[in-house]
Structures are given as C-alpha cells and as structure tokens.
Amino acid sequence: MTVRYSRRARGTLAALAATALLGTATAASPAVGAPAATAPAAAAPAPACSAAQRVTRTLDGGAVWAMCWRYSTDAGLILDHITYQPPGGAPVKVLRTARLAQIHVPYDDGGAEYDDLTGAGFGWGLQDLKPAECPGGTLTTVKIPDAGRVKGLCTTTRARGHAYRMAKDTGPGVYQAQAKDLLVYTVNKVGWYEYISEWRFSADGTIGVNVGATGSLSPVDYNAADGRGWPLGKGARGYATSHAHNVFWKLDFGLDGGKDRIEQYDSTVTAPVRGGGPTVKTRRTAVTKELAGDAKNMRWWRVVSGTGKNADGHPRSYEIVPGHTDTHAGRPFTRHDVYFTQARSCEQYASNNIGNCPANAGDSVDKWVNGETLTKPTVWVNIGFHHIARDEDQQPMPVHWQGFQLAPRDVTAMNPLTPADLASQNGQSELGS
C-alpha cells in the first residue's frame, strides 16, 4: 500500500476514505443558468428528466441535441436519453446511456496498478471549474453526497472549422459551412492526474468521445530504470516511470427506441490482375453472439437500429470509429479494442466491477463474453495510451487526448446540413452543382 499511495498521494487518500464510508451514490442538482437556444423547426420531446438535469442545444443549421445528465461518485458524468434531431426532421433516439466504464492505469515496472473509477475515488474528485474554463457556456452545480456542491459540469459550444466545402461546377460559387459543436464535460482529479471527460455533439449527428489527461507527473516516480522510464531534468538522474492509461466507455444504444444489432465489416485488397488495378471486396458479418473484437486494417463495426429507417429506406446505424490506441496486453480485459456483451444491470465497469454480479460472473468485461446471444447489446470501447513521459510533460502536463467517434451511417438520407438547392441530388449527384 505504501507504493500505491506514494504514486497517487495528492487527494487520493481522502477520496478513498470517503468512498469506504459512503459507498456509491448518484446525484444531480439544478443548473446555474441555462444555455441559450433557438427553437427548432419541429420541437423535440422533452427528455425524461427534470429541467435541472436536462441539456438541450440548437446548433447552427437547426440541428438539436437533447439529453439528461446525472452524476455518480464512481463513474462521474453519465448521459442518458440522448437524442439527435436533424434540421427540419424528427428526433432520433440514439443512446439510452453513455459513460466512462474504467480508467485502468498499470505502471511499466509492475509496482503499481490502478482502477481509477472504482478503486481510486474518480467521482469524488470532481473539480470546481472557473468561468474561463467554460468559455461562452454554462457551469452547472453538482451536489456530491456529503462532499458539497461543485460547479463541475460545463455545457458550451466550440468552433470546429469546416462542416463541408464544395466548389460549384460552374462559376466561382462555393458551398461551405463553418461548424460549432455542443461540448459537455467535467474534470476529475485522481492523485496527480486530472482527467477531462468530454462529449462532443456535432450538427451532422456525429458524437465525439474523449478523455484528456493533464495535471502533473507523480513527483515520487523518478526512479525508473531498465527501459521502464524516461530521463527528465538535467542529465539522466531521474527517470519518470512509464505507464498506460486504458480508458473504457460503456454505451447502451437503443436506436429509435428499439432493439439493436451489431455488424462487423472487413475489406480485403487483392493484387492487380491482367494489367488492371487492385480490387477490394467488403464482407459483412452479423455479430449475433457476444464478442471481444480486435481492430484491424479496414475493419469496422456498426450498431444498427432494429426498427428505424431513413427516408431512403435504409436502416439507421452508428459506426464506431476508434482513435489511435495502444492495446495493452498485460491483462485479459485490456487485450481487445471493443466488447459486445448482452446487457446485464450488474455489469457496470470494465475492470474491478462493483455492480454486484454473482461471484462466478467475474469482475471484468472479458469474463462476460461467454457466448450469449445478443438481443440487447452493450458496447464497450477500449482506447489505450502508453505514456512514456517527456521533458515537455512538466509542468503542468499538456493535455493528451484519447477517444473515438460515433459516426452516423444512414441516420439521414443526405447530409443533414445539405443546402436547399442541392436537396434534389440525393442518389444522383451527376446532376451537378
């Protein structure tokens, strides 16, 4: 225990003590103010929560995102009942629940290993944000049981750059739009690290999911050797111990409010034949049983609505688009990039699970992939970062991001931000612009 606390000294002991006394809890409290929004063309139904727990924002172009929030002293920020309403269209139910499911941090020297959500007081470490940390947005107060009120939830919009650009076929005209995204985020402190848990919602229906790590390197960890650290400071006297951040998210979709199914796609490239170019064939595999999936070149997965279709009659779906990842082979639950499991209320955290599953069920997500038929799939995404420190990581440490996207695939029949005079080109872009 001495090694554990020396590496996670700042703030961790108090958080662990509070956790031991209080167990897990969830709480929400009224927002301070409310984000300004323009009424959509067709009003979305109110999310199934009180106004104090509701986030609704109309983005440029008329797209509307709506959701509920709550807070857990283990998982931190949880988003429920997430809906997307394309401009001029009806609301689409996207996610029932979305949240962090673990931040697993093993050190390269084998001397320490942490489960930051369920073993190191992640939720209790919610940070009080200043207005400058939520530019142009709204800071919401979160009441943490027996710990006080913290202005810890930011909802704001932020410029993203081009949403699209297309030069006209004739004349100098250009179709282009600059985009702003809705951002919902918190900052949680665990030991020397501070984690920014960010959810980004775009007008075209895309969801960006990221965790940014910042704060400080542990000042007592300048003793690594044998290739397990990196020299910092003058000469080569101190070596900051390398470690991994294996971040897991848990997603329960419920697209269109119905049952979902999972599909995997693999594309194979063949060598050129008879003087022609290489060919590519894409194969679809229905994932009907629980799966521990590995990302490979030209492989991807999507979650498909069991009931909803777009105006072209194509089933709505969301594609999982992983960001860069360093897959950590040290534990069975970190060896795979995605997991699809049959939803179980007790299966809440990817490791060191505290969901009160039966003793024989195991306490990590790899144990839950046991051949069950997927009728109500839960999606787990694992994005790893192997942190080999550098001189620039001090002091404070620049944010390093890891995450993924959920990209709409056939949610709408065309780009939901399509200019009106291009709306007739659905399926026949040869008409020109």
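To keep things clear, this report deals only with the structure shown in the data block. A quick note: this is a predicted structure, and the numbers were derived from the prediction, not measured.

1. Overview of the overall build of the protein
1) Next: Looking only at helices and strands, the protein has three helices and 22 strands in total.
2) Next: Across the 433 residues that make up the protein, the buried fraction comes to 49%.
3) Next: Accessible surface, the protein as shown: approximately 19400 Å² in total, 52% of it carbon and sulfur.

2. Thoughts on empty space enclosed by the protein
1) Next: For the coordinates displayed, the defined rule picks out one cavity of 30 Å³ or more.
2) Next: Computed from the structure, the largest cavity encloses a volume of approximately 60 Å³.
3) Next: Taken together, Tyr 107, Tyr 193, Leu 217, Ser 218, Asp 221, Tyr 222, Ala 240, Thr 241 and His 243 make up the full set of residues lining the largest cavity.
4) Next: Tallied by class, the residues present in the lining of the largest cavity amount to five nonpolar, three polar and one charged.

3. What to know about the sheet that holds strand E11 (residues 207-215)
1) Next: Taken in spatial order, the ten strands make up an open sheet running E7-E8-E9-E10-E11-E22-E19-E18-E15-E16, and their pairing is antiparallel. In this open sheet, the two strands that pair with only one neighbour each are strand E7 (138-144) and strand E16 (279-287). Sheet twist, expressed as the mean angle between neighbouring strand axes with direction ignored, is 25°.
2) Next: For strand E18 (residues 299-309) and strand E19 (residues 315-322), the ladder comprises five bridges, and the chain directions are antiparallel. In the strand pairing of E19, Trp 301 is matched with Ile 320.

4. Some points on the state of the cysteines
1) Next: Tallied over the entire structure, the rule returns three disulfides.
2) Next: Covalently, Cys 134 is tied to Cys 154 through a disulfide, its sulfur atoms 2.0 Å apart. Here Cys 134 and Cys 154 share a disulfide; its torsion about the S-S bond, 85°, makes the bridge right-handed. With Cys 134 in the loop between helix H3 (116-119) and E7 and Cys 154 in strand E8 (residues 148-167), this residue pair connects regions lying 20 residues apart in the sequence.
3) Next: For Cys 134, a relative accessible area of 3% gives the class buried.
4) Next: Judged by relative accessible area, Cys 154 falls into the buried class, the value being 0%.
5) Next: Two residues share a disulfide in this structure: Cys 346 and Cys 357, whose sulfurs sit 2.0 Å from each other. Given an S-S torsion of about 95°, the disulfide between Cys 346 and Cys 357 has right-handed geometry. Here Cys 346 is found in the loop between strand E20 (338-342) and strand E21 (377-387), whereas its partner Cys 357 is found in the loop between E20 and E21, with eleven residues between them in sequence.

5. Let's talk about the nonpolar core
1) Next: Trp 65, Trp 199, Phe 201 and Leu 251 are the most contacted members of the largest nonpolar core, which has 75 residues in total.
2) Next: For Leu 251, the residues in contact, after removing those within four places along its chain, are Leu 95, Thr 97, Ala 98, Trp 199, Thr 378, Val 379, Val 381, Phe 404 and Leu 406.

6. Thoughts on unusual backbone geometry
1) Next: Across the junction of Gln 394 and Gln 395, the peptide omega takes the value 0°, indicating a cis bond.
2) Next: Mapped onto the elements of the fold, Gln 395 is located in the loop between E21 and strand E22 (397-409).
3) Next: Following Gln 395, the chain continues to Pro 396 via a peptide bond in cis, the omega torsion being 10°.
4) Next: Mapped onto the fold, Pro 396 is located in the loop between E21 and E22.
5) Next: Even without being glycine, Asp 256 reaches a positive phi, approximately 60°.
6) Next: Within the fold, Asp 256 resides in the loop between strand E14 (243-252) and strand E15 (260-270).
7) Next: The class of Asp 256 is partly exposed, set by a relative accessible area of 23%.
8) Next: One non-glycine residue with positive phi stands out, namely Arg 274, at about 50°.
9) Next: A residue is classified by how much of its surface remains accessible, and Arg 274, at 87% relative accessible area, is exposed.

7. A word on the pairing of strand E3 (residues 64-72)
1) Next: Among the nine residues of E3, eight are classified as buried, and the element is accordingly described as predominantly covered.
2) Next: Direction of pairing for strand E2 (residues 54-58) relative to E3: antiparallel, over a ladder of five bridges. In the sheet register, Thr 58 faces E3, and the bridge partner there is Val 64.
3) Next: Here E2 folds back onto E3 in antiparallel fashion, the turn holding five residues, of which Gly 61 has a positive phi close to 95°.
4) Next: Direction of pairing for E3 relative to strand E4 (residues 76-85): antiparallel, over a ladder of eight bridges.

8. Section: the pattern of salt bridges
1) Next: Applying the stated criterion across every chain, the model contains 18 salt bridges.
2) Next: Across the salt bridge formed by Glu 194 and Lys 189, the nearest N and O atoms sit 3.1 Å from each other.
3) Next: Residue classification places Glu 194 among the partly exposed residues on the basis of a relative accessible area of 22%.
4) Next: Its relative accessible area of 19% is what places Lys 189 among the buried residues.

Quick notes on the rules
- Sequence order sets the numbering: in each chain, residues are counted from 1 along the sequence as written.
- With pLDDT at 70 or above as the cut-off, local features in this predicted model cover only qualifying residues; side-chain atom pairs require 80 or more to be listed or tallied, and sums for whole chains, interfaces and linings still use all residues.
- To get the side-chain values, all heavy atoms of the structure are used, and hydrogens and water are removed first.
- Secondary structure elements follow DSSP: runs of H or I of four or more residues count as helices, runs of E of two or more count as strands, with numbering from the N terminus.
- For each residue, the accessible area found with a 1.4 Å probe, counting protein chains only, is set against the maximum for its type, and the residue is called buried under 20%, exposed over 50%, and partly exposed in between.
- Each accessible area value is a Shrake-Rupley result obtained with a 1.4 Å probe; residue values ignore everything except the protein chains displayed when judging cover.
- Using a 1 Å grid laid over the protein atoms alone, points where a 1.4 Å probe fits but cannot get out form a cavity; open sets with protein on both sides within 12 Å along at least 5 of 7 lines form a pocket; any residue with an atom within 4 Å of a point counts as lining.
- Grid points are joined across faces, edges and corners, and a volume is the space filled by probe spheres set on the points.
- Gly counts as polar in this scheme, as do all residues outside two lists: the nonpolar Ala, Val, Leu, Ile, Met, Phe, Trp, Tyr, Cys and Pro, and the charged Asp, Glu, Lys and Arg.
- Think of it this way: DSSP has to see at least two bridges between two strands before they count as a pair.
- Axes, fitted as lines to C-alpha atoms, cover a helix only where it is in contact. Angles between the N-to-C directions of the axes lie from 0 to 180 degrees.
- When two cysteine sulfur atoms are found within 2.5 Å, that pair is recorded as a disulfide.
- Remark: nonpolar core denotes a set of buried residues (Ala, Val, Leu, Ile, Met, Phe, Trp, Tyr, Cys) joined through side-chain atoms within 4.5 Å.
- Here, residues are in contact when the closest pair of their heavy atoms is within 4.5 Å.
- Think of a salt bridge as a Lys or Arg side-chain nitrogen and an Asp or Glu carboxyl oxygen that are within 4 Å of each other.

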